[in-house]
Amino acid sequence: MPRASRRAVALAATAYILVALVFWWPLPAHLATTTLEYPFGDPLLNAWTLAWDADRALHGFRDYWDGLFFYPYADTVAYSEHLLGIAVFTAPLQWLTGNPILVLNVATIASTVLVGVGTFLLTRALTGRADAAFVAGLAMACSPYRLAHAYHLQVLVSGWMPVALYGLHRYLATASRRALALFVVAFALQGLSNGYFLYFTAVPVAVVALEGLWQSRRDLRRVVPGLVVAALALLAAILPVAVAYMRVRRDQGFTRTLTDIALYAATPEAYGHVSTRAWLWGQVLPVGREELQLFPGLGVVLLAVAAVALVWRRAAPDRRHIALYLGIVVLMVVLSFGPRPVLWGWTVPFSGPYTWLVAVVPGLDGLRVPARMATTVHLGLAVLAGFGLAALTSTAGPQRRRLETTAAAVLVAVEGYGGRQPVQAFPAADMTAATPAYVWLQTQEAGPVLELPVGDAATATRHLYRTLEHGHRIVNGYSGYGSILQDFVGGPPFTETARIDGALEMLRVLGVRWVVMQPALYEHPAAGAAVAEAIAASRTHVAEVRRFGATVVARLRPGGAEPALDRDPAWRALPSTAFEVTVSHQARDLGRMLDGDPGTRWATATRQGSGEHVTFTFARPTDVAHVRLDLAARSLGDYPRGLVIEGAGDDGTWQMLFDGDILPRLGLSLVRDPRSPGIDVPLPPHRSRHLRLRPTGETRSWFWSIHELRVWQR
């Protein structure tokens, strides 16, 4: 850039820094010791992720994807955003201070500056007006939409998007290699900061590139080779990360259905909804539900309309770029409506273009919130607003131009102002009270940890954050996707204290070494205290108990006899026509466990302990080698509390084939096959005409249910 241009960028950046400090106040005054109110959930996950990125960078990214949460699953960092594009800049601060909260706060505030400067660069290059570009940058930096995502760092960091478009425009106009390099770096950083924006940035990039190629169609050799090189460079930058996400998709089945996606699709009225935190509009406009508070601001919309109306009518040279960004806005609005657009309560009777993209773009079905395309919509509006302001003030004198520009700047800034930010001290007092337990745990032998209670998002992210102190992997965690094992241990295995030994045996079989219990975090602390005492009293499975105030740490005995689960390939699966089945309860539904559909189930519809059983009758004595009870995530609590399998010959004499706690078997299945868990029970050789399965325990409310019941003959 010429010196004057660099000076303009520096002045704009300084102004955006001041705006960011005001908008996030009082957070900047206490960066190291406070967070935005209610930090638990995404903010703590992001703080942990940035700290993990910095730590792994010091170790050559060894074991990077296997984060310290959701033990024993692999690639758990890829369950959510990895934030490497942000950590590139925050890692030195993490190394210097060792304070993840400070790093999170600095990144949050800096995101406002980045998006302002990026939009300024793009709009100034297109309009040639620094004052109009400053207002455009302010419109993005102070967008009301950002208030709704104050806790989502990955959404706030959208500033590389306009920088990438700026570099692409410059390259298409000048064939500058430096501009092309800027485009590649900015696009890569944006994609590595937010997986959503990797996809969403690609749409306007494709539109700008295609339009630029059309304009250069008589001299394509000037720009096409560079674009090919850029595409290959981006692929090389993104591919190593994409491979990890593809592994998780394959192993865990992490995708969103079109129904899931439609829940977080935009609607036309959502673009008029705001966050309650909007100081100007919060009491005027409707408050939208989560992820659908998409109001861009009235000022930016009016200026964008002025651009289309005034410049288009005058047929000025700017008409080309106005048409381009108007097209981007319209396209992104339509895509934000998701797979089945809903317009003012009316569902369109055909699929939208988002559905078409899901069908052909790898990984797009892993994104839950198409409404986040509003970020790109707002960027397009901000650019158009710059054109509009430039057109409105094009004939004004210097003083009037400054006055009108200042008025526009104040309007767009006030519209996105959220007032004084609610903050709270971090760590909270109850976290500080438990710190001695984690300091001690950090000095102990390495081994996976289960934290109890599993709890909600607030509790789960506390446990996640504590791994930065003690350094052990935990069964618990919090991310964009969950862990079926965490969901399971958060339920009956560790609430039914009478059967706690079975739950501890399962943990030992899975390799868990430590259990940390904080009764105060339970909804009912007395129930939490009862669980802690039951675990501490289990001499069979617990080798040592340490107490740190209200926090109890138990060391489990190493290892555990892993039950046999595998089937011999020589065994033959028996079809449902090879036997008759009778059940003690809900006979009308028994076909649901034999229909081959894992989505249906047979259930007793009453609590366990009521004499339930399932009995097979074969045409002739049969040596059943293996029985499998398929379950599903929605009904894991309906596992049998103890299971007996008996066989009887023609004389009607029953013999015991299996009698035991099935929790170790189910736990192993949750780890090995989380997409379709079940209970596998190999049986000793026998010849039986009748085979009977029955639970031996009792529950207060849980049913016994089976999604599919399958048997194999030896």
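Refer to the structure above for everything that follows.
Residue positions within a chain follow its written sequence, with the count starting from 1. Where local features are concerned, this predicted model is filtered to residues with pLDDT of at least 70; where side-chain atom pairs are given and counted, the filter is 80 or more; whole-chain, interface and lining totals use all residues. Where side-chain values are given, they derive from all heavy atoms of the structure, hydrogens and water being excluded.

Let's shift gears to helix α16 (residues 374–392). The end-to-end C-alpha separation of α16 is 26 Å, in line with the 27 Å expected for 19 residues at 1.5 Å each. The buried fraction of α16 is high, at 18 of 19 residues. Secondary structure elements follow DSSP: runs of H or I no shorter than four residues count as helices, runs of E no shorter than two count as strands, and numbering proceeds from the N terminus. Expected span, for any helix, means 1.5 Å times one less than how many residues it has. Note on classification: 1.4 Å probe, protein chains only; a residue is buried when its accessible area is under 20% of the maximum for its type, exposed when over 50%, partly exposed between these limits.

Take the environment of Q608 next. Note that Q608 resides in the loop between β11 (602–603) and β12 (614–622). What makes Q608 buried here is its relative accessible area of 0%. Along the primary structure Q608 and S701 are separated by 93 residues, whereas in three dimensions their C-alpha atoms are 7.5 Å apart. Non-local contacts of Q608, meaning those with residues more than four positions away in its chain, are made with D638, Y639, P640, R641, P695, G697, E698, T699, W702, F703 and W704. Engagement of the side chain of Q608 in a polar contact is seen with the backbone oxygen of Y639, the distance being 2.8 Å. Every residue pair with non-hydrogen atoms within 4.5 Å of one another is taken to be in contact. Polar contacts, as counted here, are pairs of nitrogen or oxygen atoms within 3.5 Å of one another; within protein the pair requires one atom able to donate a hydrogen and one able to accept it, and residues that are adjacent in sequence qualify only if both atoms are side-chain atoms.

As a further point, take the sheet that holds strand β5 (residues 449–452). By the convention used here, strands pair only if DSSP detects at least 2 bridges between them. With respect to topology, four strands assemble into an open sheet ordered β5-β6-β8-β7, the strand pairing being mixed. Across the chains shown, the open sheet's two edge strands, defined by having one partner strand only, are β5 and β7 (542–548). Along the sheet, successive strands turn relative to each other by an average axial angle of 15°, direction set aside. One ladder, built from four bridges, connects strand β6 (residues 514–517) with strand β8 (residues 551–556); its direction is antiparallel. Following the sheet pairing, V516 is matched in β8 by V553. The strands touched by helix α18 (residues 429–442) are β5, β6, β7 and β8; relative to β7, the strand with the most contacts, the crossing angle is about 140°. Note on geometry: axes are lines fitted to C-alpha atoms, helical ones only across the stretch in contact, with angles between N-to-C directions running from 0 to 180 degrees. Sheet strands in contact with helix α21 (residues 500–509) are β5, β6, β7 and β8, and its direction is about 60° off that of β8.

A few words on the pattern of salt bridges. Counted as salt bridges are all cases of a side-chain nitrogen of Lys or Arg within 4 Å of a carboxyl oxygen of Asp or Glu. In the structure shown here, the tally under the stated rule is 28 salt bridges. For E646, the salt bridge goes to R692, with nearest N and O atoms at 2.9 Å. Of this pair, E646 sits in strand β14 (residues 643–648) while R692 is found in strand β17 (residues 688–695), placing the two residues 46 residues apart along the sequence. In this structure, a network of salt bridges that share partners links the residues R567, R628, D630, D680 and R710.

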